[in-house]
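# Notes for the structure review
Below, each chain spelled out in residue letters.
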Amino acid sequence: MDLDNIKKSWQESDIRPKIDEDKIQKILDNKGKGAFDALLKYDKLFFWLFIPCLLFGILVSIFIHPLPGIFYSVLVIIGFFWQAYKIKFLKRINLSEMGILEASKQITKYKKYIVYEISIGFIAIIPFFIFYTYYGLPEMFPRLYKGEGVSTSLLVILIVEIFLTAIISYWIYRSTYLHNIRKIEKSVKEIEYFENNNI
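Residues numbered from 1 in each chain as written. Predicted model: local features only at pLDDT ≥ 70, side-chain atom pairs only at ≥ 80, totals over all residues. Heavy atoms only, no water.

## Some points on the nonpolar core
It is characteristic of soluble globular proteins that their nonpolar side chains tend to be buried jointly. Here is the rule we go by: Residues belong to a common nonpolar core when they are buried Ala, Val, Leu, Ile, Met, Phe, Trp, Tyr or Cys residues joined through side-chain atoms within 4.5 Å. The buried label goes to any residue with under 20% of its type's maximum accessible area, the exposed label to any with over 50%, and the partly exposed label to all in between, with areas taken from a 1.4 Å probe on protein chains only. Put simply, DSSP marks the helices as runs of H or I at least four residues long and the strands as runs of E at least two long, and each gets a number from the N terminus on. Note on definitions: a residue-residue contact is assigned when non-hydrogen atoms from the two residues lie within 4.5 Å.
Counting residues in hydrophobic clusters, the biggest one holds 19 residues, and the most contacted among them are Leu39, Leu90, Tyr110, Ile114 and Ile184. The greatest single-element share of this core, amounting to six residues, is contributed by helix 5 (residues 150–196). Setting aside its immediate chain neighbours within four residues, Leu39 contacts Leu90, Tyr110, Thr176, Tyr177, Asn180, Ile181 and Ile184.

## Observations regarding the side chain of Ser73
With respect to the helices and strands, Ser73 occurs in helix 3 (residues 66–91). When its relative accessible area of 10% is taken as the criterion, Ser73 is described as buried. Filtering out sequence-adjacent residues up to four positions away, Ser73 remains in contact with Leu54, Gly57 and Ile58.

## Some words on the packing of aromatic side chains
How we decide: For Phe, Tyr and Trp, rings pair up if their centres lie within 6.5 Å, where Trp contributes its six-membered ring, and each pair is then called stacked (planes under 30 degrees apart), edge-to-face (over 60) or tilted (otherwise).
For the structure on display, the rule yields 17 aromatic pairs. Seen from their ring centres, Phe71 and Phe131 are 5.4 Å apart, and the 80° between their planes marks the pair as edge-to-face. In this pair, Phe71 is assigned in helix 3 and Phe131 in helix 4 (residues 100–140), connecting sequence segments 60 residues apart. For the pair Phe89 and Tyr110, a centre-to-centre distance of 6.3 Å together with 10° between the ring planes defines the contact as stacked. Of this pair, Phe89 sits in helix 3 while Tyr110 sits in helix 4, placing them 21 residues apart in sequence.

## Some thoughts on the pattern of salt bridges
Counted only if it meets this: We define a salt bridge as a side-chain nitrogen of Lys or Arg found within 4 Å of a carboxyl oxygen belonging to Asp or Glu.
Per the stated rule, a full pass over the model turns up three salt bridges. Ionic pairing is found between Lys86 and Asp43, a salt bridge with its closest N-O pair at 3.1 Å. Remark: Asp43 occurs in helix 2 (residues 21–63) and Lys86 occurs in helix 3; sequence separation between them is 43 residues. In this structure, Lys86 and Asp43 share a single accessibility class: buried. Between Glu117 and Lys86 there is a salt bridge, with the nearest N and O atoms lying 2.6 Å from each other. Taken together, the positions of Glu117 in helix 4 and Lys86 in helix 3 put the pair 31 residues apart, joining distant regions of the chain. Residue Glu117 shares its accessibility class with Lys86, and that shared class is buried. Here the salt bridges do not stand alone but share partners, grouping Asp43, Lys86 and Glu117 into one network.

Written as structure tokens, this is what we have:
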């Protein structure tokens, strides 16, 4: 909902707002739209990053081992189309023209997409690390994976890979997606509060 629509709703209900119009415009344009534009920017960035990721998967399939390479490439292709869907979804959202309720619903829906993405992505990456650790690494470093204690070493490497990936992924999602989603949610809630408490 833009500033004119908010003012119009006050005029129709014969209400004199106590809040400053410039403050509303600042919330709409700076905080909400700035965070929204950042979300769209990150989605586009990650969309294009899937292309070199796919090339990496092909190289792994050819030069290291086909099992982790093919599995990784399939995940990348799925992620590529998922990113395209999220970009299309965000482009349909217009914070300046949507009503507060509709904007809130759309942002909540996008937030759920991100939560699903984190959860499913983490689960899907575990088989890749299993394939990579037990098939890829022995192909790259055959001398290191001979003799006793190999199974224990591979298990330790697998656990460390999963743990580090979880930490790094959470930090990336928190600093890019979740941080900006919270900004938009706060912006929408402030406008909603002003609309409901302007007598």
